[in-house]
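# Chains, contacts and geometry: an overview
Here is how the chains run, residue by residue.
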Amino acid sequence: VHIGEGLLTNLGPITSSALKRQARKAYIVADARVPSASLIAAADSLKSVGISVRSCAVKPSEQEKTFAGLERILVELARARIDRDDVVIALGGGIVGDMAGFAAAILRRGVQVVQCPTTLLSMVDASVGGKTGVNLNTGEGPTVELKKNLIGAFHQPRVVVADVHVLTSLPDRALRCGLAECIKHGLLTANDPDLLGWIERNITLIISKDRGALCELVARNVAVKAAIVSDDELEEAPDGAGGRALLNLGHTFGHAIETLPGLLLSSSLSSGSVSGATSIEHGEAVALGTIAAAHCSHALGRCSTELRDRVTSLIRSAGLPTAIAGLPSDEVLIERMSHDKKVRGGTLRLILPVDRSTTASSPGAVVISNPPIQAVTAGLAAIRL
Ligand SMILES: NC(=O)c1ccc[n+]([C@@H]2O[C@H](COP(=O)([O-])OP(=O)(O)OC[C@H]3O[C@@H](n4cnc5c(N)ncnc54)[C@H](O)[C@@H]3O)[C@@H](O)[C@H]2O)c1
């Protein structure tokens, strides 16, 4: 994983030295909202090392991240005659990374892929670890019922190139969404016990997109994720052992909320939107899910009031939602949570933050729990507005 400023201008040499087989052609699947200067910089650099370049633009949305959107990308790759010696470049946020990565995984049973994440979330999370995939629409007739990331494959990128310069154009709301995953990493404390404290101390610099702070934030988060992923690459660790499943902290609650049709966030938190209230983003759902998990853990007596409130307060100072109006009943939400892929053997299996130490430098750790329904509803109550 290369992290720095202006790295896309060096994408050609970085890609060439990382590929197993030398590519003649590169196909850039580009996020339509990434400024064209970044796409041109990436393409020029690839051409400078003798790789020809074609590209297509994807307008990312969870509805586009389905078989229909995937097929459009595969058709473009096939028309460009991308073969196993060539390389697919994903230049975009997590949606483009997941779709282009999955397209590369299944085209000709596996084409090399390079991830160039352009959102904070994709830099610190989605581009690292090799998970790729799309949502499945299981709705009947005109009803859309998206099952998030139900279809996918592990397909490791040959290299990840995180150029923090591209974050300049990232809307503030998307930056805050990435921070939700960083706060989650801070709670995991895998190999960086001070990460949560560092984020707390640097939150203003991070939100103002200070380049130094962003580089350090990305590097420390990638290290946390990489350490967990390299121990359990295919998420096969047995129940209770944790492994990669620990990264799902906040996600079982979050996925149940994120896919709810018609749920809106108030305009004060969705600044940047044109018309007041907007639908909820993945990172916002993860933020709510992390708060729900902390409250659920508190109800079980595993998480102190101090840690629970610290999580909520950091999420608030990152400009993320701490509660939301219009959630359906507990029964509906728990039913949705039980559809989540973290369910094993029919029981709801949650990753919950717990106190490991009372010192500020080591705020927490996590456990895998099958909590009683009362604890789950305590978590849900905390995020109801
Ligand atoms: N594979 C994994 O391990 C993994 C991990 C976490 C999340 N994900 C997936 O990632 C997705 C969320 O990713 P995301 O938060 O990056 O969202 P996203 O891909 O939707 O990007 C957010 C928005 O920012 C725009 N954008 C991207 N880069 C930009 C830039 N530099 N300047 C201006 N606009 C830019 C996009 O067009 C989009 O509108 C979800 O689908 C989630 O399931 C995957």
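The structure this text deals with has already been given above.
Anyway, here's the lowdown on the structure attached to this text.

## A look at the packing of helix 7 (residues 195–207) against helix 8 (residues 211–231)
The contact between helix 7 and helix 8 brings their axes to 10 Å, and the two run at 150°. In terms of orientation, helix 7 and helix 8 fall into the roughly antiparallel class. Crossing of helix 7 over helix 8 shows left-handed handedness. Counting all contacts with helix 7, which are made through Leu195, Trp198, Ile199, Leu205 and Ile206, the residues of helix 8 involved are Ala213, Leu214, Glu216, Leu217, Arg220, Asn221 and Val224. Residue composition of the contact of helix 7 with helix 8, grouped by class: nine nonpolar, one polar and two charged.

## Regarding the site of the ligand
As a structural note, the neighbourhood of the ligand is formed by 24 residues, with Asp31, Glu62, Gly94, Thr118 and Thr119 the closest of them. Between the ligand and serine 169 there is a distance of 2.8 Å, counted from a nitrogen atom to a side-chain nitrogen or oxygen. Protein contact buries 89% of the 860 Å² of open area that the ligand shows by itself. Of all the elements in the fold, those that place two or more residues in the shell around the ligand are helix 4 (94–106), helix 5 (120–126) and strand 7 (146–154). Of the residues contributing to the shell around the ligand, the split by class is eight nonpolar, seven polar and nine charged.

## Here we look at helix 9 (residues 251–258)
The buried count for helix 9 comes to eight of eight residues, which makes it a mostly enclosed element. If you check which residues of helix 9 are buried, you get His251, Thr252, Phe253, Gly254, His255, Ala256, Ile257 and Glu258.

## Quick notes on the pattern of salt bridges
In the structure shown here, the tally under the stated rule is 21 salt bridges. Close ionic contact of aspartate 125 with lysine 225 constitutes a salt bridge, the shortest N to O distance being 2.7 Å. On the criterion of sequence distance, the pair formed by aspartate 125 in helix 5 and lysine 225 in helix 8 is long-range, its members being 100 residues apart. Accessibility classification places aspartate 125 together with lysine 225 in one group, the buried group. Where arginine 384 meets aspartate 330, a salt bridge forms, and the shortest distance between an N and an O atom there is 2.7 Å. With arginine 384 in the segment after helix 13 (373–382) and aspartate 330 in helix 12 (residues 330–337), this residue pair connects regions lying 54 residues apart in the sequence. Assessed through its relative accessible area of 21%, aspartate 330 is described here as partly exposed. When salt bridges that share partners are traced, they join Asp125, Glu181, Lys184 and Lys225 into one network.

## A look at unusual backbone geometry
One non-glycine residue with positive phi stands out, namely asparagine 149, at about 50°. Within the secondary structure, asparagine 149 is located in strand 7.

## Observations concerning the nonpolar core
One recurring pattern in soluble globular proteins is that nonpolar side chains are buried together. Counting 93 residues, the largest nonpolar core has Leu11, Ile89, Leu179, Ile199 and Phe253 as the members making the most contacts within it. The contacts of isoleucine 199, once residues within four sequence positions are left out, are Leu179, Cys182, Ile183, Ile206, Leu217 and Leu314.

## Here we look at the sheet that holds strand 5 (residues 112–117)
Whether parallel or antiparallel, the strands of a sheet pair through hydrogen bonds between backbone atoms. Taken together, six strands build an open sheet; the order of strands is 1-8-5-4-2-3 and the sheet is parallel. The outermost strands of the open sheet, each flanked by one partner alone, are strand 1 (2–4) and strand 3 (52–58). For this sheet, the mean angle separating the axes of adjacent strands, direction not counted, is 15°. As judged from the five bridges shared by strand 2 (residues 25–31) and strand 4 (residues 87–92), these two strands associate in the parallel manner. Among the inter-strand pairings, alanine 26 is bridged to a residue of strand 4, identified as valine 87. Where helix 8 meets the sheet, its contacts fall on strand 1 and strand 8 (159–163), and the angle it forms with strand 1 comes to roughly 160°.

## Focus: the packing of helix 6 (residues 172–188) against helix 7
Any two packed helices are characterised by the angle at which their axes cross and by the distance between the axes. Taken N-terminus to C-terminus, the directions of helix 6 and helix 7 make an angle of 165°; their axes are 9 Å apart at the nearest point. Put simply, helix 6 runs roughly antiparallel to helix 7. Handedness of the crossing formed by helix 6 with helix 7: right-handed. Contact residues: helix 6 offers Leu175, Leu179, Cys182, Ile183, His185, Gly186 and Leu187, while helix 7 offers Leu195, Leu196, Ile199, Ile203, Ile206 and Ile207.

## With respect to empty space enclosed by the protein
Evaluated as defined, the whole model comprises two cavities of 30 Å³ or more. The volume enclosed by the largest cavity comes to roughly 50 Å³. Together, Asn248, Gly250, His251, Thr252, Phe253, Ala293, Arg349, Leu350, Ile351 and Leu352 line the largest cavity. Elements represented by at least two residues in the lining of the largest cavity include exactly helix 9 and strand 11 (350–354). Looking at the lining of the largest cavity residue by residue, the classes come out as five nonpolar, four polar and one charged. Quantified by volume, the second largest cavity comes out at close to 40 Å³.

## Quick look at the state of the cysteines
All told, the structure shown has zero disulfides when counted by the stated rule. The thiol sulfur of cysteine 182 is not disulfide-bonded, and the nearest other cysteine sulfur, from cysteine 177, lies at 11 Å. The exposure class of cysteine 182 is buried, given its relative accessible area of 0%. Not engaged in a disulfide, the cysteine cysteine 215 finds its nearest cysteine sulfur in cysteine 182; these two sulfurs lie 13 Å apart. Judged by its relative accessible area of 23%, cysteine 215 falls in the partly exposed class.

The rules we used
- Position labels on residues start from 1 in each chain and follow its written sequence.
- Residue-level local features of this predicted model are given only where pLDDT is at least 70; pairs of side-chain atoms are given and counted only at 80 or more, and the full residue set underlies all totals for whole chains, interfaces and linings.
- Think of the side-chain values as coming from all heavy atoms in the structure, minus any hydrogens and water.
- The axes used here are C-alpha line fits, helices contributing only the stretch in contact, and every angle between their N-to-C directions lies in the interval 0 to 180 degrees.
- A run of H or I in DSSP becomes a helix once it reaches four residues, and a run of E becomes a strand once it reaches two; helices and strands are each numbered from the N terminus.
- For this classification, under 35 degrees means roughly parallel, over 145 means roughly antiparallel, 65 to 115 means roughly perpendicular, and everything else is oblique.
- Should the near helix be turned counterclockwise from the far one by less than a right angle, the crossing is left-handed, whereas a clockwise turn marks it as right-handed.
- Should any heavy atoms of two residues lie within 4.5 Å, those residues are counted as being in contact.
- Think of it as three bins: nonpolar holds Ala, Val, Leu, Ile, Met, Phe, Trp, Tyr, Cys and Pro, charged holds Asp, Glu, Lys and Arg, and polar takes everything else, Gly as well.
- The nearness test applies per residue and asks whether one of its heavy atoms lies within 4 Å of the molecule or strand.
- As used in this structure description, the phrase polar contact means that two N or O atoms lie within 3.5 Å; if the pair is within protein, one of them must be able to donate a hydrogen and the other to accept it, and residues adjacent in sequence are counted only when both atoms belong to side chains.
- For the accessible areas, the method is Shrake-Rupley and the probe is 1.4 Å, while residue cover comes only from the protein chains on display.
- Each residue is placed in one exposure class: buried if its accessible area under a 1.4 Å probe, protein chains only, is under 20% of its type's maximum, exposed if it is over 50%, and partly exposed if it falls in between.
- The working definition used for a salt bridge is a side-chain nitrogen of Lys or Arg within 4 Å of a carboxyl oxygen of Asp or Glu.
- Within this scheme, the nonpolar core is defined by two criteria: the residues are buried Ala, Val, Leu, Ile, Met, Phe, Trp, Tyr or Cys, and they are joined through side-chain atoms within 4.5 Å.
- Two strands are counted as paired when DSSP detects at least two bridges linking them.
- A cavity, in this analysis, means grid points on a 1 Å lattice covering only the protein atoms where a 1.4 Å probe fits yet has no way out; a pocket is instead an open set bounded by protein on both sides within 12 Å along at least five of seven lines, and a residue lines either one if it has an atom within 4 Å of a point.
- Grid points are joined across faces, edges and corners, and a volume is the space filled by probe spheres set on the points.
- Two cysteine sulfurs form a disulfide in these notes if their separation is within 2.5 Å.

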